[in-house]
Amino acid sequence: MPSFDIVSEVDGHEVRNAVDQTNKEVGSRFDFKGSDARVEQADLQLSVYADDEFKLEQIQDILRTKLTKRKIDVRCLEKGHIEKVSGNKVKQEVTVKTGLETELAKKIIKILKENKLKVQASIQGDSVRVSGVKKDVLQEAIQIVKKVITDFPLQYQNFRD
């Protein structure tokens, strides 16, 4: 029985490279001269530091550009609230989300059931396994999910016959 998995994954090495490139660009730009602006990374948790909110937004724009160039979908970034660190300095936590949350997995299964496709979908940890009788039906399922879920990056893997 043909099947595939719907997942949401991010390459941690590419995130690290994008953070390094962002810090390198911030360190060499004239408008950040003498500033304590930087991005720190702990696994998939990023901390963006800047002198004020305007510079914070500029750093995040640079980070988004670097992530996009490294083929990482920026829809996986979840920004926290902006905190005052000391004086005018600000900090913002940015989480790189991976894996499907239970709500989203249930939503995907509901979408497939509503479209009355002859497929079975089940939650497998942080992914959704979809299996069906024919490959054509599975490809149709992929197209439907792509059309409906536009606010979160999804990948379709492990296509098996």
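All figures in this text were calculated on a predicted structure; none of them were measured in a lab. (Residues numbered from 1 in each chain as written. Predicted model: local features only at pLDDT ≥ 70, side-chain atom pairs only at ≥ 80, totals over all residues. Heavy atoms only, no water.)

Colleague: What is the right way to read the environment of Gln157 from this model?
Modeller: Locating Gln157 in the fold gives a position in strand β8 (residues 155–160). Between the C-alpha atoms of Gln157 and Lys24, which are 133 residues apart in sequence, the distance is 34 Å. When residues no more than four places from it in sequence are discounted, the contact partners of Gln157 are Phe4, Asp5, Val7 and Glu9. Only 3.4 Å separates the side chain of Gln157 from the side chain of Glu9, close enough to count as a polar contact. (Helix = DSSP H or I, 4+ residues; strand = E, 2+ residues; numbered from the N terminus. Contact = heavy atoms within 4.5 Å. Polar contact = N/O pair within 3.5 Å; in protein donor to acceptor, adjacent residues only side chain to side chain.)

Colleague: Any chance you could explain the packing of aromatic side chains here in plain terms?
Modeller: Here the structure, examined in full by the defined rule, presents 2 aromatic pairs. Ring centres of Phe4 and Phe159 lie 6.2 Å apart, and the angle between their planes is 15°; this geometry places the pair in the stacked category. Remark: Phe159 occurs in strand β8 and Phe4 occurs in strand β1 (residues 3–7); sequence separation between them is 155 residues. Residue classification places Phe4 among the buried positions, given a relative accessible area of 1%. Each residue in the set Phe4, Tyr156 and Phe159 is aromatic and connected to the rest through ring pairs, giving one cluster. Seen from the ring of Tyr49, Arg38 lies directly overhead, with NZ or CZ sitting 4.1 Å from the centre. (Phe/Tyr/Trp six-rings, centres within 6.5 Å; stacked < 30°, edge-to-face > 60°. Buried < 20%, exposed > 50% of the residue type's maximum accessible area, 1.4 Å probe, protein only. Lys NZ or Arg CZ within 6 Å of the ring centre and 35° of its normal.)

Colleague: Would you take a moment to explain helix α1 (residues 12–28) for this structure?
Modeller: Given 3.6 residues to a turn, an α-helix orients residues that are three or four positions apart in the same direction. Taking 1.5 Å of rise per residue, 17 residues should cover 24 Å, and α1 covers 25 Å from first to last C-alpha, within 8% of that figure. Listed in full, the buried residues belonging to α1 are Val15, Ala18, Val19, Thr22 and Val26. Buried positions in α1, seen along its axis, are confined to an arc of 100° and lie on one side of it. Exposed side chains of α1 directed beyond 90 degrees from the buried face belong to His13, Lys24, Gly27 and Ser28. Packing partners of the buried residues in α1 comprise β2 (38–42), β3 (45–50) and α2 (53–69). (Expected span 1.5 Å × (residues − 1). Arc of directions from axis to C-beta.)

Colleague: Help me understand the sheet that holds β3, please; the structure alone is not making it clear to me.
Modeller: Strands in a sheet are paired, the pairing made by backbone hydrogen bonds, and the direction either parallel or antiparallel. Ordered in space as β2-β3-β5-β4, the 4 strands form an open sheet in which the pairing is antiparallel. The sheet terminates laterally at β2 and β4 (77–84), the two strands that pair on one side only. For this sheet the average axis-to-axis angle between neighbouring strands, irrespective of direction, equals 20°. Across 5 bridges, β2 lies against β3 in antiparallel orientation. Counterpart to Arg38 in the pairing with β3 is Tyr49. Set on the sheet, α1 makes contact with β2 and β3; between it and β2 the angle comes to about 160°. Its contacts with the sheet put α2 on β2, β3, β4 and β5 (90–96), and the angle it makes with β3 is roughly 140°. (Pairing = 2+ DSSP bridges. Axes fitted to C-alpha atoms, helices over the stretch in contact; angles between N-to-C directions.)

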